[in-house]
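Residue-level structure breakdown
As a plain string of letters, each chain reads:
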Amino acid sequence: PTTRQPHPSSSYTWNSIALSSEIMGMYFVSSVLLIRMNLPVQYRRIITDVLGDLEFHFYYHWNDLIFLISALFTISFLVLSRYSVTQTRYSVP
């Protein structure tokens, strides 16, 4: 019996989803940390306790870059998925 190999694009899709979720998670944490800077001290301590020992300065300095990367990746993913749907819909069998 032959074993069926997974389609190469399925692993690409899962890898891109994993990368996208990682970048979006980093952006979420950096946004929370930046919001933390503008809160009163008593609320700032609560967020610090919830998030634990994070490298605040890393997220502070890289917030804009993380946002840009996540936005570009999301736009690319949407364009590619739209292109894939269009190609599948109009392909000749």
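Predicted model, so just to flag it, every value in this text is computed and none were measured.

Calculation criteria
Residues numbered from 1 in each chain as written. Predicted model: local features only at pLDDT ≥ 70, side-chain atom pairs only at ≥ 80, totals over all residues. Heavy atoms only, no water. Helix = DSSP H or I, 4+ residues; strand = E, 2+ residues; numbered from the N terminus. Buried < 20%, exposed > 50% of the residue type's maximum accessible area, 1.4 Å probe, protein only. Contact = heavy atoms within 4.5 Å. Areas by Shrake-Rupley, 256 points an atom, 1.4 Å probe, with all protein chains shown as cover. Patch = residues over 30% accessible without salt bridge, like charges linked within 9 Å, V, L, I, M, F, W, Y side chains within 5 Å. Salt bridge = Lys/Arg side-chain N within 4 Å of Asp/Glu carboxyl O. pLDDT = per-residue confidence, 0-100. Core = buried A, V, L, I, M, F, W, Y, C linked by side-chain atoms within 4.5 Å.

In terms of helices and strands, the chain carries 3 helices and 0 strands. In sequence order, the chain lays out its α and β elements as α-α-α. Burial analysis of the chain (93 residues in total) assigns 15% to the buried set. A separation of at least 24 residues holds for 61% of the contacts in the chain among residues at least 6 apart in sequence. Entry remark: accessible area of the chain is about 7900 Å², with carbon and sulfur atoms responsible for 66%.

Nonpolar side chains collect at one region of the surface, where Phe 58, Trp 62, Leu 65, Leu 68, Ile 69 and Leu 72 lie side by side and expose about 530 Å² of accessible area between them. Here Phe 58 shows up in helix H3 (residues 56–90). With relative accessibility at 33%, the residue Phe 58 sits in the partly exposed group.

Let's shift gears to the confidence of the model for the chain. Predicted confidence across the chain gives a mean pLDDT of 76, with 78% of residues reaching 70 or more. Here H3 stands out as the element of the chain with the lowest mean pLDDT, 76, in contrast to helix H2 (residues 41–51), whose mean of 84 is the highest.

What follows covers the side chain of Arg 36. Along the chain, Arg 36 falls in helix H1 (residues 8–37). Leave out the neighbours within four places in its chain, and Arg 36 touches Arg 44, Ile 47, Thr 48 and Phe 56.

With that settled, the discussion passes to the environment of Ser 70. On the secondary structure map, Ser 70 appears in helix H3. A C-alpha to C-alpha distance of 9.0 Å links Ser 70 and Ser 21, two positions 49 residues apart in sequence.

With 5 residues, the main nonpolar core is built from Val 29, Leu 33, Phe 56, Tyr 59 and Ile 66. Elements represented by at least two residues in this core include exactly H1 and H3. Those residues in contact with Phe 56 that lie beyond four places of it in its chain are Leu 33, Arg 36 and Met 37.

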